[in-house]
Amino acid sequence: MQLTETADDRPLIPRPERSPGALRAACTVVAPALLLAYDRAKDQALAEAVEHGSLKPVHAYLAHWAALIEIERHPETAKRYHRAEYLARTAASPEEAREHLTTASVLYCAAAEATPGCGGVSA
């Protein structure tokens with residue numbers, strides 16, 4: 001599934017570069033409520049990179065936040081994603097939760113594919 005751009009779901013901002021500063025700047029615009037989580041994730045990735053002598057945690061953090069920012073750049077997609085996450089948390093049955101988690105996962109994977117460096121193509 002690809003993120004499809006509709007008239008009511010045009011990106012709020014251009015896609016940021018996949019760097020800590022650019023992703024944080026984008027987060028301040030499209031998802032300011034996530035800034036604390038962003039900063040914690042960055043700090044944790046850097047600490048793990050130092051501890052393990054590997055850049056893999058940094059690459060994983062960048063890929064994850066690039067996908068999240070890609071979702072947040074598109075208001076309708078973000079609304080569907082957050083609704084699916086909420087419904088999964090409040091589901092009455094495991095089957096219902098699984099259905100909503102699948103929806104969120106499909107949106108997340110499409111966002112990850114759309115971001116450069118994550119196997120997707122630039123737009």
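Computed from a prediction, not measured in an experiment: that's the story for all the values here. (Residues numbered from 1 in each chain as written. Predicted model: local features only at pLDDT ≥ 70, side-chain atom pairs only at ≥ 80, totals over all residues. Heavy atoms only, no water.)

1. Let's talk about the packing of helix α1 (residues 20–30) against helix α3 (residues 56–73)
Right, so step 1: Relative orientation of the contacting elements α1 and α3 amounts to 30°, with a least axis distance of 10 Å. One way to sum up the angle between α1 and α3 is to call them roughly parallel. Considering the relative orientation of α1 and α3, their crossing is left-handed. Between α1 and α3, the residues in contact are Pro20, Leu23, Ala26, Cys27 and Val30 and Tyr61, Leu62, Trp65, Ala66, Ile69, Glu72 and Arg73, respectively.
Right, so step 2: Partitioned by chemical class, the residues of the contact of α1 with α3 number 10 nonpolar, no polar and 2 charged. (Axes fitted to C-alpha atoms, helices over the stretch in contact; angles between N-to-C directions. Helix = DSSP H or I, 4+ residues; strand = E, 2+ residues; numbered from the N terminus. Parallel < 35°, antiparallel > 145°, perpendicular 65-115°, else oblique. Left-handed = near helix turned anticlockwise from the far one by under 90°. Contact = heavy atoms within 4.5 Å. Nonpolar A, V, L, I, M, F, W, Y, C, P; charged D, E, K, R; others polar.)

2. Let's talk about empty space enclosed by the protein
Right, so step 1: One pass over the structure, following the stated rule, counts 1 cavity of 30 Å³ or more.
Right, so step 2: If you go around the largest cavity, the residues you meet are Arg15, Pro16, Arg18, Leu23, Ala66, Ile69, Glu70, Thr115 and Pro116.
Right, so step 3: It is α3 that contributes the most residues to the lining of the largest cavity, 3 residues altogether.
Right, so step 4: Taken together, the residues that form the lining of the largest cavity break down as 5 nonpolar, 1 polar and 3 charged. (1 Å grid on protein atoms, 1.4 Å probe; cavity = no way out; pocket = protein on both sides within 12 Å on 5 of 7 lines; lining within 4 Å. Points joined across faces, edges and corners; volume = space filled by probe spheres on them.)

3. Some details on the nonpolar core
Right, so step 1: One finds Leu23, Cys27, Tyr38, Tyr61, Trp65, Ile69 and Tyr81 to be the most contacted residues of the largest nonpolar core, which totals 26 residues.
Right, so step 2: When contributions to this core are tallied by element, the ones reaching two or more residues are α1, α2 (35–52), α3, α4 (75–89) and α5 (94–114).
Right, so step 3: It is α3 that provides the largest number of residues to this core, a total of 9 residues. (Core = buried A, V, L, I, M, F, W, Y, C linked by side-chain atoms within 4.5 Å. Buried < 20%, exposed > 50% of the residue type's maximum accessible area, 1.4 Å probe, protein only.)

In short, the description is geometric, and any link to function would need to be established separately.
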